[in-house]
Amino acid sequence: MIVVRTVAEARAALDALPRPLGFTPTMGALHAGHLGLVEAARSRCASVAASIFVNPAQFGRGEDFRRYPRDEARDLRLLEEAGVALVFAPAAAEMYPDGFATAVHVGGPLTESLEGVSRPGHFDGVTVIVIKLLGVARPDVLFLGEKDAQQLAVIRRCVRDLDLPVEVVGVPTRREPDGLAMSSRNAYLTAGQRAVAPGLYRALLAGAEAARRPGAAAADVVAAAADALPSLAAGLELDYLAVVDEATFVPETGLGPRSRLVLAARLGGTRLIDTVSVAVPSNGHPRPTPTTPATSSRAYPVQDATGMEGRTQ
Ligand code: AMP
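Just so you know, these numbers come straight off a predicted model, no measurement behind them. (Residues numbered from 1 in each chain as written. Predicted model: local features only at pLDDT ≥ 70, side-chain atom pairs only at ≥ 80, totals over all residues.)

Overview of the nonpolar core
With 90 residues, the main nonpolar core has A49, V84, L204, V221, A225, L261 and L263 as its most contacted residues. If you count residues domain by domain, this core takes at least three from each of domain 1 (2-171) and domain 2 (184-307). Contacts of A49, omitting those with residues within four sequence positions, involve L14, L21, F23, V84, A85, L86, F88, A137 and P139. (Core = buried A, V, L, I, M, F, W, Y, C linked by C-beta atoms within 7 Å. Buried ≥ 20, exposed ≤ 12 C-beta atoms within 10 Å, placed from the backbone. Domains from an automatic or database assignment. Contact = placed C-beta atoms within 7 Å.)

Structure (structure tokens):
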């Protein structure tokens, strides 16, 4: 596996790799979710490249840029074992040299709702770095996680709008055995918070179950998920819980083939996001329910739907 630090080195080394080339950008602190992206890329592409870059531009003031977990030696080992051919791990000055002045802004509900409200400027930071990385790596296929569903939708829109010559593939979320979506930020959780965290996925599964009932509307899905959420007393603060069209992030009232239930919540100082599809295909037959985690019973007191703090309700 080749490790390169500069744009020039990356270009030269990438040109020599067999095509098609799959690419997966990461911020390091790798877990099995990231490695799932690499696996998906290997199954589709002749070679796979990855990047490790904790992108300062996508962190807001007061967010966790400084304390974001970093362990490059471990990350490189995992990527090599996973069969990655090249890793681009630049310093911030390589990506944002003196005089850097370009912004890339995707407009509308895609960036102005939900994560866009909670994390102002976040998506501008994401789009500029992803476009830069695409310009460096020039991959045939870009692999992104469905866990960051809004980010995936923003990048799909941007790639389409700018006619960027890359296919974007969304990869299903990898979870811990108890259902918690894998995330580098899970490392921040205390033992008590870690015990509460799988309740988020259980709530999403309750929403998905409600979506399967004939005639279910988005409000029924949100209510079922809210009812199953761990309580405020368990230390959970809901940021948002909503059903949106996964391509546009416009809130939905009815369920359709692109309906997605999205959730963000805070446990102490840690912000967690998760999502499941609640799509009802246009033929009216609901898709199968996601697998229920081993601990599917409600282990925590439920919060009354009227107690929700969500902005989108
Ligand atoms: P990050 O390092 O958090 O910027 O994530 C890099 C990529 O990994 C993004 O495309 C994420 O959506 C994806 N990702 C993060 N967590 C997971 C997960 N649990 N399952 C699948 N993909 C993930």
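Observations concerning the sheet that holds strand β8 (residues 259-267)
Strand order in this open sheet of three strands is β7-β8-β9, and the pairing throughout is antiparallel. Taken across any chain shown, the strands that pair with only one partner, and hence form the sheet edges, are β7 (236-245) and β9 (270-277). Sheet twist, expressed as the average angle between the axes of neighbouring strands with direction ignored, equals 15°. Two elements, β7 and β8, share nine bridges in a ladder whose sense is antiparallel. Across the sheet, residue V244 finds its bridge partner in β8, namely R260. This element, helix α11 (residues 218-228), spans β7 and β8 of the sheet and lies at about 155° to β7. (Pairing = 2+ DSSP bridges. Helix = DSSP H or I, 4+ residues; strand = E, 2+ residues; numbered from the N terminus. Axes fitted to C-alpha atoms, helices over the stretch in contact; angles between N-to-C directions.)

Here we look at the packing of helix α7 (residues 122-137) against helix α8 (residues 149-161)
For any two helices packed against each other, one specifies the crossing angle of their axes together with the interaxial distance. In contact at an axis separation of 10 Å, α7 and α8 are set at 50° when each is read in the N-to-C sense. In terms of orientation, α7 and α8 fall into the oblique class. Classified by chirality, the crossing of α8 by α7 is right-handed. Mapping the contact onto sequence places F123, V126, T127 and V130 in α7 and Q151, V154, I155 and C158 in α8. By residue class, the composition of the contact of α7 with α8 is six nonpolar, two polar and no charged. (Parallel < 35°, antiparallel > 145°, perpendicular 65-115°, else oblique. Left-handed = near helix turned anticlockwise from the far one by under 90°. Nonpolar A, V, L, I, M, F, W, Y, C, P; charged D, E, K, R; others polar.)

Structural notes on the sheet that holds strand β2 (residues 21-26)
Taking strand neighbours across the sheet as the criterion, the six strands line up as β1-β4-β3-β2-β5-β6 in an open arrangement whose pairing is parallel. Pairing within the sheet leaves two strands with one partner each, and these edge strands are β1 (2-4) and β6 (167-171). Between one strand axis and the next, the sheet turns by 25° as a mean value, whatever way the strands run. The pairing of strand β3 (residues 47-52) with strand β4 (residues 86-88) spans three bridges and is classified as parallel. Paired with S51 across the strands is F88, a residue of β4. Sheet strands in contact with helix α2 (residues 32-44) are β2, β3, β5 (141-145) and β6, and its direction is about 150° off that of β5.

Quick notes on the domain arrangement of the protein
Here the protein is partitioned into domain 1 (2-171) and domain 2 (184-307). Spacing between the C-alpha centres of domain 1 and domain 2 amounts to 26 Å. Taken residue by residue, the interface counts 14 residues in domain 1 and 15 residues in domain 2. Mapped onto the side of domain 1 that touches domain 2, the elements with two or more residues apiece are α5 (109-112), α6 (115-118) and α8. The element best represented in the side of domain 1 that touches domain 2 is α8, accounting for three residues. The class makeup of the residues in the side of domain 1 that touches domain 2 is eight nonpolar, four polar and two charged.

Re the environment of E81
Within the secondary structure, E81 is located in helix α3 (residues 72-81). Expressed as a C-alpha distance, the spacing of E81 and L35, which sit 46 residues apart in the sequence, is 9.7 Å.

Observations regarding α8
A turn of α-helix holds 3.6 residues, and therefore any two residues three or four places apart point the same way. Spanning 13 residues, α8 covers 18 Å between terminal C-alpha atoms, matching the ideal 18 Å at 1.5 Å per step. A149, Q150, Q151, L152, A153, V154, I155, R157 and C158 are the residues of α8 that are buried. Of the residues one or two after α8, D163 is the one with positive phi, at around 55°. (Expected span 1.5 Å × (residues − 1).)

Description of α2
A rise of 1.5 Å per residue sets the reference length of α2, with its 13 residues, at 18 Å; its end C-alpha atoms lie 18 Å apart and thus fit the reference within 8%. All buried positions along α2 are accounted for by G33, H34, L35, L37, V38, A40 and A41. At its buried positions, α2 is contacted by β2, β3, α3, β5 and β6.

Quick notes on the site of the ligand
The environment of the ligand is made up of 17 residues, and the closest members are M27, G33, G145, D148 and M182. Contributions of two or more residues to the shell around the ligand are made by α2 and β5. Examining the composition of the shell around the ligand, we find that four residues originate from one element, α2, more than from any other. Looking at the shell around the ligand residue by residue, the classes come out as six nonpolar, eight polar and three charged. (Near = placed C-beta within 6 Å.)

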